[in-house]
Amino acid sequence: MEHVDTVIIGAGQAGLATAYHLARRDQQCVVLDRARRVGDQWRRQWDSLRLYSPARYDALPGLPFPGDPWDFPGKDDVAAYLESYARHWSLPVRLGVAVERVTPAEGGGFVVHTSAADGQAAAGSLHCHQLVVATGTFGRFPVIPDEASQLDPSILQLHSSEYRRPAQLRRAGARGRRLPLGHRHRLRAGRVAPDDARGSRLRPDPDPTGLAGVEAVFPVLVFAWRHLLTRRTPLGRKEMGLIRHHGGPMLRVKRADLAARGVVRNPARFVGVDGGLPVLADGSVLEVATVVWATGFRQSFDWLALPVPMVDGWPRELRGEVAEVPGLFFCGLSFQYAFSSMLLAGVGRDAEHVAARIVARAPRAAAVGQPA
């Protein structure tokens with residue numbers, strides 16, 4: 001069995017930033033990811049995806065984001081940046097490695113059981129003293145209502161994770177003029193906030209007055225995201241509950257955008273199926289050709305065979321550290337410390353804190369020794 005001081009699961013921005021801070025502290029680690037290339041989780045997003053923060057606020061620690069600092073990068077730009085980041089710092093990333101299960105190790109630490117993904121790497125097990133789970137912000141398992149199976153088979157159904165471009169959608173002439181999208185409408189420019197605890201607010205465009213507006217607004221926004229909306233403030237704790245269960249705020253879509261694109265926004269929720277057609281809470285029966293379920297994802301850590309305490313579907317942690325399981329850390333969770341934790345602008349700070357905690361316990365972990 002191979003021994004590594006720290007295993008990081010996930011080669012996204014959180015995993016790479018954690019590896020960077022551990023490397024700066026001369027701590028041995030390895031980053032495991034099932035993808036073929038660093039950044040593939042971004043490449044698989046919908047074609048028109050752009051960040052809602054300009055490039056100057058999208059850098060990970062130690063390497064500026066390339067290009068115009070006030071441009072809003074697209075998903076492929078982010079993927080290319082992450083790949084170059086791993087290469088620039090020679091981070092110990094192993095691709096094509098799928099983590100199947102993590103179990104406690106005799107004498108302390110963890111055993112990470114892996115398999116080969118796409119035939120790129122050999123399966124095997126690793127023993128480590130510290131484990132960092134950096135598998136994503138909101139979860140990776142699509143949530144689709146049970147009633148979806150009752151829709152007419154002629155209706156094309158997609159989860160938002162499968163949507164890439166409008167050409168995927170099925171057209172039906174006079175039918176299908178309105179498209180029910182579960183709790184949220186996903187548009188080329190962003191998403192519309194659901195009509196739930198957050199109300200029906202549409203967030204303002206981040207560029208209300210052109211470049212001058214961006215330069216004036218974003219320093220204030222980033223300061224608030226990093227220092228005001230945190231788990232230490234009442235407002236931050238309130239936002240934490242809303243965002244963790246209903247998603248991040250919408251910064252680009254305005255009512256005028258919807259009207260200009262001919263989008264009919266019906267705030268009524270999907271409640272069931274009648275005659276194979278979707279029914280909304282206001283009694284509307286919608287004749288549609290395509291349904292895109294933008295109903296979010298769920299967290300699932302059942303592959304961690306560890307006593308991880310869960311609260312409302314989220315691991316109970318403090319700034320990423322799980323007190324009940326010594327040596328277990330998370331990085332990249334929504335509101336791990338602040339609103340910015342789920343953004344490129346904030347994940348580096350969380351990763352630095354996790355790395356510092358790993359270093360603080362490393363001498364004690366090393367004293368336990370390696371398994372026989």
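The structure under discussion appears in the preceding block.
All of these numbers come straight from a predicted model, not from anything done at the bench. (Residues numbered from 1 in each chain as written. Predicted model: local features only at pLDDT ≥ 70, side-chain atom pairs only at ≥ 80, totals over all residues. Heavy atoms only, no water.)

Novice: Is there a simple way to explain the overall build of the chain in this structure?
Specialist: The helix and strand tally for the chain stands at 7 helices and 17 strands. Here the chain holds 372 residues, and the buried ones make up 50% of them. In the chain, once contacts between residues fewer than 6 apart in sequence are set aside, the share between residues at least 24 apart is 66%. As presented, the chain carries roughly 17,100 Å² of accessible surface, and 52% of it is formed by carbon and sulfur atoms. (Helix = DSSP H or I, 4+ residues; strand = E, 2+ residues; numbered from the N terminus. Buried < 20%, exposed > 50% of the residue type's maximum accessible area, 1.4 Å probe, protein only. Contact = heavy atoms within 4.5 Å. Areas by Shrake-Rupley, 256 points an atom, 1.4 Å probe, with all protein chains shown as cover.)

Novice: For this particular structure, what's the right way to read the nonpolar core?
Specialist: Most often, soluble globular proteins keep nonpolar side chains buried together rather than apart. Of all hydrophobic cores here, the largest spans 37 residues; its most connected members are I8, L16, L82 and Y85. Of all the secondary structure elements, the ones that give two or more residues to this core are α1 (13–24), β2 (29–33), α3 (75–88) and α7 (344–368). Beyond its immediate chain neighbours, meaning those up to four positions away, L16 contacts A11, V38, L82, Y85, A86, L91 and V93. The next biggest cluster of nonpolar side chains, apart from the first, holds 25 residues, and it includes V4, I9, V133 and W314. (Core = buried A, V, L, I, M, F, W, Y, C linked by side-chain atoms within 4.5 Å.)

Novice: Looking at this structure, how should I read empty space enclosed by the protein?
Specialist: Any empty space left between the atoms is revealed when a probe the size of a water molecule rolls over them. Here the structure, examined in full by the defined rule, presents 3 cavities of 30 Å³ or more. T135, G136, G139, R140, F141, R298, Q299, S300, F301 and W303 together form the lining of the second largest cavity. Here the lining of the second largest cavity is composed, by residue class, of 3 nonpolar, 5 polar and 2 charged. (1 Å grid on protein atoms, 1.4 Å probe; cavity = no way out; pocket = protein on both sides within 12 Å on 5 of 7 lines; lining within 4 Å. Points joined across faces, edges and corners; volume = space filled by probe spheres on them. Nonpolar A, V, L, I, M, F, W, Y, C, P; charged D, E, K, R; others polar.)

Novice: What is the right way to look at unusual backbone geometry in this model?
Specialist: The general pattern is negative phi for most residues beyond glycine and trans for most peptide bonds. In this structure, D26 is a non-glycine residue whose phi angle is positive, near 60°. Tracing the chain through its elements places D26 in the loop between α1 and β2. For D26, a relative accessible area of 72% corresponds to the exposed category. A positive phi angle, near 55°, is found at R319, a position not held by glycine.

Novice: Mind showing me how you'd approach the pattern of salt bridges here?
Specialist: Two side chains that carry opposite charge are able to pair once their charged atoms sit near each other. Evaluated as defined, the whole model comprises 12 salt bridges. Across the pair R94 and E2 runs a salt bridge whose closest N-O atoms are separated by 2.6 Å. With R94 in strand β3 (residues 93–95) and E2 in strand β1 (residues 2–9), this residue pair connects regions lying 92 residues apart in the sequence. Residue class for E2 comes out partly exposed when judged on its relative accessible area of 35%. (Salt bridge = Lys/Arg side-chain N within 4 Å of Asp/Glu carboxyl O.)

Novice: What is the right way to read the packing of aromatic side chains from this model?
Specialist: The geometry of an aromatic ring pair is captured by the separation of the ring centres together with the interplanar angle, meaning the angle of the planes. Enumeration over the complete set of coordinates arrives at 13 aromatic pairs. An angle of 75° between the planes, with centres 5.0 Å apart, marks the rings of F270 and W293 as edge-to-face. Highlighted residues: F270 in strand β11 (residues 270–274) and W293 in strand β13 (residues 290–293), separated in sequence by 23 residues. This pair shows no difference in class: F270 is buried, exactly as W293 is. Aromatic side chains F335 and F339 sit 6.4 Å apart centroid to centroid with 80° between the ring planes, which places their arrangement in the edge-to-face category. Neither F335 nor F339 differs from the other in exposure class; each is buried. Through pairs of rings, three or more aromatic residues link up here, namely Y52, Y57, W70, F72, F218, W225, F335 and F339. Lying across the ring of Y57, R56 places its NZ or CZ 5.6 Å from the centre. (Phe/Tyr/Trp six-rings, centres within 6.5 Å; stacked < 30°, edge-to-face > 60°. Lys NZ or Arg CZ within 6 Å of the ring centre and 35° of its normal.)

Novice: Just checking my understanding: could you explain the environment of W293 for this structure?
Specialist: Residue classification places W293 among the buried residues on the basis of a relative accessible area of 2%. Each C-alpha atom of the pair W293 and P145 lies 8.5 Å from the other, and the pair is 148 residues apart in sequence. Within polar-contact distance, the side chain of W293 engages the side chain of Q157 at 2.8 Å. (Polar contact = N/O pair within 3.5 Å; in protein donor to acceptor, adjacent residues only side chain to side chain.)

Novice: Mind showing me how you'd approach the packing of α1 against α3 here?
Specialist: The description of two helices packed together rests on the angle between their axes and the distance between the axes. It is at 11 Å that the axes of α1 and α3 come closest, and there the two elements cross at 20°. Classified by the angle between their axes, α1 and α3 sit roughly parallel to one another. Taken as a pair, α1 and α3 cross one another with a handedness that is left-handed. Judged by residue contacts, Q13, L16, A17 and Y20 of α1 engage L82, Y85 and A86 from α3. For the contact of α1 with α3, a count of residues per class yields 6 nonpolar, 1 polar and no charged. (Axes fitted to C-alpha atoms, helices over the stretch in contact; angles between N-to-C directions. Parallel < 35°, antiparallel > 145°, perpendicular 65-115°, else oblique. Left-handed = near helix turned anticlockwise from the far one by under 90°.)

Novice: When you look at helix α5 (residues 234–246) in this model, what are you seeing that I'm missing?
Specialist: Spacing of three or four residues puts side chains on the same side of an α-helix, whose turn is 3.6 residues. With 13 residues, α5 should cover 18 Å at 1.5 Å per step; its first-to-last C-alpha distance of 18 Å lies within 8% of that length. Residues of α5 that are buried: G236, E239, M240, L242, I243 and R244. Directly beyond the C-terminal end of α5, a positive phi value near 90° is found at G247. (Expected span 1.5 Å × (residues − 1).)

Novice: I keep staring at the pairing of β13 and nothing clicks. Help me out?
Specialist: It is a general feature of regular strands that their side chains alternate between the two faces of the sheet. What you see with β13 is no split at all: T290 and V292 on one side and V291 and W293 on the other are buried throughout. Relative to β13, strand β8 (residues 156–159) runs parallel, the two being bridged by 4 bridges. Note that in β13 the partner of Q157 across the bridge is V291. (Pairing = 2+ DSSP bridges.)

Novice: Could you clarify how one ought to interpret α3 in this entry?
Specialist: Compared with an ideal rise of 1.5 Å per residue, which puts 14 residues at 20 Å, α3 spans 20 Å between its outermost C-alpha atoms and is within 8% of the ideal. For α3, every residue scored as buried is listed here: K75, V78, A79, Y81, L82, Y85 and A86. Buried residues of α3, seen end-on, are gathered within an arc of 160° and therefore sit on one face of the element. Two residues or fewer after α3 comes S90, characterised by a positive phi angle close to 50°. (Arc of directions from axis to C-beta.)

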